[in-house]
Amino acid sequence: FGATVGCFQDDCQNTDKFVASSIESCTKVCLSLPECEWWVWGQEEGEQKCWFRLGDDGREGGEGWVSGSKSCRPPDQQAMVMGNHDCWIDGFNYDTCCDPKFGPSGNAQCWDGV
């Protein structure tokens, strides 16, 4: 979803946290990820960050931290679409080409070497 900094071990393709300047961006990305059930937003190392969780196990209160379930979000907020459907042809789509399981370069069968 475009995160490039503040990710666990600097790996923004496969991470459960990223730099998020607003709580709304945290809730929107959680809403867009099927695996995300809870989000946490707070400060770490001088930056506002967002974490994703599968549940609320181990949750505890802390000053300056906010958390909520996937459904705890602005009422008009919509999930982000992963990939632009108009850009895919011949049966290819975001899932077959860009799923994180293929790594940062995607599925090699989807690219023409350009």
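Relevant structure appears above.
Residues numbered from 1 in each chain as written. Predicted model: local features only at pLDDT ≥ 70, side-chain atom pairs only at ≥ 80, totals over all residues. Heavy atoms only, no water.

### Here we look at the sheet that holds strand E4 (residues 66-69)
- The 4 strands lie next to each other as E1-E3-E2-E4, forming an open sheet whose pairing is antiparallel. Every other strand in the sheet has two partners, leaving strand E1 (17-19) and E4 as the edge strands with one partner each. Here the average twist between neighbouring strands, direction ignored, is 20 degrees.
- In the sheet, E1 pairs with strand E3 (residues 47-53) via 3 bridges, with the strands oriented antiparallel. (Pairing = 2+ DSSP bridges. Helix = DSSP H or I, 4+ residues; strand = E, 2+ residues; numbered from the N terminus. Axes fitted to C-alpha atoms, helices over the stretch in contact; angles between N-to-C directions.)

### Topic: the state of the cysteines
- Enumeration over the complete set of coordinates arrives at 2 disulfides.
- At a sulfur-sulfur separation of 2.0 Å, the disulfide partner of Cys-26 is Cys-50. Taking the sign of the S-S torsion, about 70 degrees here, the bridge from Cys-26 to Cys-50 comes out right-handed. Here the residue Cys-26 occupies a position in helix H1 (residues 23-32), and Cys-50 occupies one in strand E3, the gap between them amounting to 24 residues.
- The partner cysteine of Cys-30 in its disulfide is Cys-36, sulfur to sulfur 2.1 Å. With the S-S bond torsion at -95 degrees, the cross-link from Cys-30 to Cys-36 turns out left-handed. The same class applies to Cys-30 and to Cys-36, which are both buried. (Disulfide = S-S within 2.5 Å. Buried < 20%, exposed > 50% of the residue type's maximum accessible area, 1.4 Å probe, protein only.)

Distances and angles like these do not, on their own, reveal function.
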